[in-house]
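# Notes for the structure review
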Amino acid sequence: MSDSEIPQTEKKKGGQRGNKKNNSDKKKPALSKKKEKALQREAERRNAVMAAFNKYYEEEWGPERWPVLLEALKKPVRHCMMMNKYANVQDVKTKLKDILPDLTMLDFVSIPCYASKTMSRFPQPGKDSNNVTDYYILDAASVLATEALDIQPDEQVLDICAAPGGKTLSVLQRLDKKYGRLTSNEIASDRRRRLRQVIESYLPPDVAQEVSTVVGKDGTRYYGEPEQYDKVLLDAPCSSERHLLHDEKELELWSPKRTQVNAKRQLSILKAAVHSVRVGGLVLYATCSISSLENDKVVERMINKGKIPIEPLKLKLPVGEKTKYGWLCLPDKTTWGPLYFALVRRTGVSKEGELDDDEDSEDDDV
Ligand SMILES: C[S@@+](CC[C@H](N)C(=O)[O-])C[C@H]1O[C@@H](n2cnc3c(N)ncnc32)[C@H](O)[C@@H]1O
């Protein structure tokens, strides 16, 4: 507090000599009152945001499901260990021998993944005797999503929003180093660094060199490689509501506008993803949002308004629930997620010009 902010009456009293103790005693309540008010305002703001958040998602999910879903979202995220096929199996077995009875193998994914029966923490991933990292810890719904792409060993794949790299790694588990190739794109340089580190630490150097390229483009403007890929994975930046519920400061910044802004950006990246995939190729669109604006509505807009024709493919998976165009794993029903994903096939060439990335500049309602 500057001198000019001190109430005049107190200033005067503070001016009296030999009354130091009294002076500080008097100032303190004034200071703490201000602080108290600030704290109160902060709490009111937080409550108002939480009320708006609740109202928004209750309208979306209904009064019966929302409270149950909200409780599940507030719980700690459940993870699994995705085994790295390049790591030495014997080394991993030895490392995990003491916790083996607590581990259960997940039968709804084909890459070997293990969850804890008692929700215990896993030992940190580490290097095996060949200096390859043994496993990656992530949400099993992420593995399920990438498996919906059904990557074949010889395919050319683009991961257009790739960092930190959990889904990148699960794609890499399926590619053959001789014939397959993955281009991982990440716009943020610090996250791109992390992505490179992940790929380098999980793949033997010769495999990494043959199979993987990391680039740093803006996904909304990814128009330099038309019809280049067999499969494109778009794990889009989104509202990440579960993350917000675990971070008070982030939650304070939430407003319904956020999901609208995200949806607009997601559609821009989806257009570029569809532009990059060959005719007949597949795009997997994913978010960890629970907002339909960022999920089915983005896919719907692409189907109805995108210049490149696509068709949604039906998904029928052992875990999760069907949506209009895709699939949702939510923690109240599956313990995993949230993760939405939709699989679409490009069915033809652009109906108009090649570049359609600025089409949605008029789409303020997205
Ligand atoms: C949901 S995260 C991806 C998570 C990742 N697929 C994984 O499984 O570890 C979305 C990523 O997209 C990046 N991103 C945001 N906007 C982007 C853009 N315009 N172009 C490319 N990447 C972008 C973010 O920095 C973030 O790392």
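Where an unreviewed UniProt entry is consulted, the protein appears under the name NOL1/NOP2/Sun domain family member 4, with the organism given as Parasitella parasitica. Entered under Sequence similarities (unreviewed entry) in the UniProt record, the comment concerning the protein runs "Belongs to the class I-like SAM-binding methyltransferase superfamily. RsmB/NOP family."

### Observations concerning the packing of helix 10 (residues 256–276) against helix 11 (residues 296–305)
If you want to describe how two helices pack, look at the angle between their axes and the distance between the axes. Contact pair helix 10 / helix 11: the axes reach a minimum separation of 10 Å and the direction vectors enclose 50 degrees. Taken together, the axis directions place helix 10 and helix 11 in an arrangement best described as oblique. In the packing of helix 10 onto helix 11, the handedness of the crossing is right-handed. Here helix 10 contributes Ala263, Gln266, Leu267, Leu270, Lys271 and Val274 to the contact with helix 11, which in turn contributes Lys297, Val298, Arg301 and Met302. Here the contact of helix 10 with helix 11 is composed, by residue class, of six nonpolar, one polar and three charged.

### Some thoughts on the site of the ligand
Neighbouring residues of the ligand: 19 residues in total, closest Cys161, Lys167, Ile187, Gly219 and Asp235. Of the residues contributing to the shell around the ligand, the split by class is eight nonpolar, six polar and five charged.

### Let's talk about the nonpolar core
Formed by 76 residues in total, the largest nonpolar core has its most connected members in Leu234, Ala273, Val283, Leu284 and Tyr285. It is helix 10 that contributes the most residues to this core, seven residues altogether. Setting aside chain neighbours within four positions, we find Val283 in contact with Val232, Leu234, Ala273, Val274, Val277, Val344 and Arg346.

### Section: the UniProt feature "binding site: S-adenosyl-L-methionine" (unreviewed entry) in the protein
In the numbering adopted here, UniProt assigns the feature "binding site: S-adenosyl-L-methionine" (unreviewed entry) to Cys161, Ala162, Ala163, Pro164, Gly165, Gly166, Lys167, Glu186, Asp218 and Asp235. By the C-beta count within 10 Å, which is 28 here, Ala162 ends up buried. Beyond its immediate sequence surroundings of up to four residues, Ala162 is in contact with Thr168, Ser184, Asn185, Glu186 and Leu195. If we ignore the near neighbours within four places in the chain, the residues touching Ala163 are Glu186, Ala188, Arg191, Arg192, Arg194 and Leu195.

Parameters at a glance
- Residues numbered from 1 in each chain as written.
- Predicted model: local features only at pLDDT ≥ 70, side-chain atom pairs only at ≥ 80, totals over all residues.
- UniProt positions renumbered as here; feature names shortened; annotations may be inferred.
- Axes fitted to C-alpha atoms, helices over the stretch in contact; angles between N-to-C directions.
- Helix = DSSP H or I, 4+ residues; strand = E, 2+ residues; numbered from the N terminus.
- Parallel < 35°, antiparallel > 145°, perpendicular 65-115°, else oblique.
- Left-handed = near helix turned anticlockwise from the far one by under 90°.
- Contact = placed C-beta atoms within 7 Å.
- Nonpolar A, V, L, I, M, F, W, Y, C, P; charged D, E, K, R; others polar.
- Near = placed C-beta within 6 Å.
- Core = buried A, V, L, I, M, F, W, Y, C linked by C-beta atoms within 7 Å.
- Buried ≥ 20, exposed ≤ 12 C-beta atoms within 10 Å, placed from the backbone.

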